[in-house]
Amino acid sequence: SSPESDGCTPELEKAGLLNKTKIAEGGRKLRKNWSPSWVVLVGNSLVFFKDPKSQTPSSWKPGNSRPESSVDLRGAKLHWANELSSKKNVFKLRTVTGNEFLLQSETDSLIREWYSTIQNVIDRLDRE
Ligand code: I3S
């Protein structure tokens, strides 16, 4: 079992680079637009930032570290979704508000860690 699932850590945290595309907004299908995203899991939210590698040194100012968007994980659903993409290691996150995201990594171990860490947060919120 992962250290995150030992029940002693109230605030799960994780950050890293994943490929991301939003595929639905409020239940309405969107056109895919994959791009690298810096993803941060903090508290009950998954927060998306612009890919730090695509930023210039001068863009590293406090005002520019605003998230692009953020997802409330309460009531969210997570599913492996390799059938929704030609890419490997894809999962789908659906929020209660009907927003859907695909997240992907070329690295198997990395995407599995993200999947289980997010699922742990969803499960914890379900129990509250
Ligand atoms: O599910 P789709 O429509 O095959 O998704 C592909 C398209 O979104 C494509 O862009 P165009 O809308 O310009 O054709 C993207 O470049 C591809 O990455 C999408 O497919 P994958 O299999 O990469 O999720």
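**Topic: the pairing of strand β7 (residues 90-94)**
Sheet analysis places strand β6 (residues 77-80) next to β7, joined by 4 bridges and oriented antiparallel. Opposite H79, over in β7, you have K92 as the bridge partner. Pairing geometry for β7 and strand β8 (residues 100-104), over 5 bridges, is antiparallel. Note that in β8 the partner of L93 across the bridge is F101.

**With respect to the environment of D123**
Of note, D123 is situated in helix α1 (residues 108-127). Put simply, D123 and A76 are 47 residues apart on the chain and 9.5 Å apart in space, counted from C-alpha to C-alpha.

Conventions adopted
Each chain carries its own residue numbering, running from 1 in the direction its sequence is written. Local features in this predicted model are restricted to residues of pLDDT 70 or higher, and side-chain atom pairs are both shown and tallied only at a pLDDT of 80 or more, whereas totals for entire chains, interfaces and linings draw on every residue. With hydrogens and water excluded, all non-hydrogen atoms of the structure serve as input to the side-chain values. Here, strands pair whenever DSSP counts at least two bridges between them. Think of it this way: any DSSP run of H or I at least four residues long counts as a helix, any run of E at least two long counts as a strand, and we number them from the N terminus.

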